[in-house]
Amino acid sequence: MADEVEQVGVESTFLLMFYVNLCAKHQTTTNTVEEPLDLIRLSLDERIYVKMRNDRELRGRLHAYDQHLNMILGDVEETVTTVEIDEETYEEIYKSTKRNIPMLFVRGDGVVLVAPPLRVG
Amino acid sequence: MAELQRGIMSLRKQTPSDFLKQIIGRPVVVKLNSGVDYRGVLACLDGYMNIAVEQTEEYVNGQLKNKYGDAFLRGNNVLYISTQKRKM
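Counting starts from 1 at the beginning of each chain's written sequence and moves along it residue by residue. Numbering of ligands from 1 and lettering of chains from A proceed in the order in which they are written. In keeping with the predicted nature of the model, local features appear solely for residues at pLDDT of at least 70, side-chain atom pairs appear and are counted solely at 80 or more, and the whole-chain, interface and lining totals rest on all residues. The side-chain numbers reported here are obtained from all heavy atoms of the structure, hydrogens and water having been left aside.

1. As for the overall build of chain A
Counting from the N terminus, the helices are the DSSP runs of H or I reaching at least four residues and the strands are the DSSP runs of E reaching at least two. Helices and strands together make up the secondary structure of chain A, namely two helices and five strands. Shown N-terminal to C-terminal, the secondary structure of chain A runs as helices and strands in the order α-α-β-β-β-β-β. The buried label applies to any residue whose accessible area, calculated with a 1.4 Å probe on protein chains only, is under 20% of its type's maximum; exposed applies above 50%, and partly exposed to all values in between. Counting the 121 residues in chain A, one finds 27% classified as buried. The criterion used for residue contact is that any of the two residues' heavy atoms lie within 4.5 Å. A separation threshold of at least 6 residues defines the contact pool for chain A, and within that pool the share at least 24 residues apart is 46%.

Okay, here's the thing in structure tokens:
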């Protein structure tokens, strides 16, 4: 009885090792470097900061995105920054306009940068 | 002369994708079409030149914003990616 148990033990250990080896191989192949888009996936349902073309910035909660960086953002605050140049003094006057949007679809081609919200230092 | 040129070519010959694989993990400078500069450690990138950078700093004329953690740059805006010898 003890012999049989031992025999089964050896065989199943062999099988187990074979299986683990297979799994390990699978893990090394899928452990390849993730794409930047995979890392954006980690920010889903988190608040993010998006820099866009035309001096626009968005701060909102990321609900969805795709490979074009089209995004669905909730509870968004949009900031539009303009620079006015005084004709006489030539000084640059920075103005920003903000507005709040409950739910927003962002077309991906306008997106420049995506990041967790800025911690102003 | 032709042999010399071929020798030099074989030393330097490297597809862009080989370069991209090599520089992951290194400090890089990414310049966008808009002229904005981003410096940080290259986390990863893909064939569209979408980039993920860590410990990013944004430079326009002077230093503007600091982004800690990952910053993702959309590939179509990228002008170039260059390695930098970090001088502390």
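Okay, back to it.
2. Concerning the side chain of B:Asn50
When you line up the elements, B:Asn50 lands in the loop between strand E2 (37–45) and strand E3 (51–59). Whenever two N or O atoms come within 3.5 Å, that pair is a polar contact, provided that in protein one can donate a hydrogen and the other can accept it, and provided that, for residues adjacent in sequence, both atoms are side-chain atoms. A distance of 2.6 Å separates a polar atom in the side chain of B:Asn50 from the backbone nitrogen of B:Gly75. Excluding residues that lie within four positions of it along the chain, B:Asn50 makes contacts with A:Pro36, B:Cys44, B:Leu45, B:Leu73, B:Arg74 and B:Gly75.

3. Structural notes on the sheet that holds strand E1 (residues 47–52) of chain A
Pairing between two strands is assigned when DSSP locates at least 2 bridges connecting them. The antiparallel open sheet is built from ten strands, whose spatial order is E4(A)-E3(A)-E2(A)-E1(A)-E5(A)-E4(B)-E3(B)-E2(B)-E1(B)-E5(B). Each end of this open sheet is capped by a strand with a single partner; those strands are strand E4 (92–106) of chain A together with strand E5 (78–83) of chain B. Geometrically, the sheet is characterised by an average inter-axis angle of 30° between neighbouring strands, direction not taken into account. The axes are straight lines fitted to the C-alpha atoms, using for helices just the contacting stretch, and the angles between their N-to-C directions are given from 0 to 180°.

4. Details of a nonpolar patch on the surface
Excluding any residue in a salt bridge, patches collect residues exceeding 30% relative accessible area, merging like charges within 9 Å and nonpolar Val, Leu, Ile, Met, Phe, Trp and Tyr side chains within 5 Å. Reported accessibility uses the Shrake-Rupley method at a 1.4 Å probe radius. Residues are deemed covered only where the shown protein chains occlude them. Any carboxyl oxygen of Asp or Glu within 4 Å of a side-chain nitrogen of Lys or Arg constitutes a salt bridge here. Taken together, the side chains of A:Val83, A:Ile85, A:Tyr90 and A:Tyr94 present a nonpolar region at the surface, about 480 Å² in accessible area. Mapped onto the secondary structure, A:Ile85 falls in strand E3 (residues 71–85).

5. Comments concerning the pattern of salt bridges
Residue and element names in this part refer to chain A. On inspection of all chains with the given rule, the structure shows eight salt bridges over all chains. For Glu-78, the salt bridge goes to Arg-56, with nearest N and O atoms at 2.7 Å. On the criterion of sequence distance, the pair formed by Glu-78 in strand E3 and Arg-56 in strand E2 (residues 56–65) is long-range, its members being 22 residues apart. On the accessibility criterion, Glu-78 (8% relative accessible area) is buried. Accessibility expressed as a relative area gives 33% for Arg-56, which makes it partly exposed. We note a salt bridge from Asp-109 to Arg-107, for which the minimum N-O separation is 3.0 Å. Several salt bridges share partner residues, and in doing so they unite Arg-56, Glu-78 and Arg-99 into one network.

6. Brief notes about the interface of chain B and chain A
The interface is formed by 21 residues belonging to chain B together with 21 residues belonging to chain A. Accessible area that two parts lose when put together, with a 1.4 Å probe and added across both, is what the buried area reports. Interface area, chain B with chain A, both sides summed: about 1,700 Å², of which 60% is carbon and sulfur. Run the count over chain B and chain A and you get one salt bridge. Linking chain B to chain A there are six residue pairs in polar contact (both at pLDDT 80 or more). Elements that contribute at least two residues to the side of chain B that touches chain A include exactly E2, E3 and strand E4 (63–73) of chain B. Here the side of chain B that touches chain A gets seven residues from one element, more than from any other, and that element is E4(B). All residues other than Ala, Val, Leu, Ile, Met, Phe, Trp, Tyr, Cys, Pro, Asp, Glu, Lys and Arg, Gly among them, are scored as polar; the first ten of these are nonpolar and the last four charged. Its residues placed into classes, the side of chain B that touches chain A shows eleven nonpolar, four polar and six charged. Pairing of strand E5 (residues 111–115) of chain A with E4(B) involves two bridges; the strand directions are antiparallel. Pairing of A:Val114 across the sheet is with B:Phe72, part of E4(B).

7. So, the confidence of the model for chain B
Residue and element names in this part refer to chain B. Every residue is assigned a pLDDT by the predictor, reflecting its confidence on a scale from 0 to 100. Taken residue by residue, chain B gives an average pLDDT of 82. The fraction at 70 or more is 83%. The spread of mean pLDDT over the elements of chain B runs between helix H1 (residues 2–12), the lowest at 53, and strand E1 (residues 27–32), the highest at 94. Throughout residues 7–11 the model reports pLDDT below 50, and contacts reaching past four residues in sequence, or to other chains, amount to zero contacts. The ipTM value of the predicted complex is 0.77, and its pTM value is 0.73.

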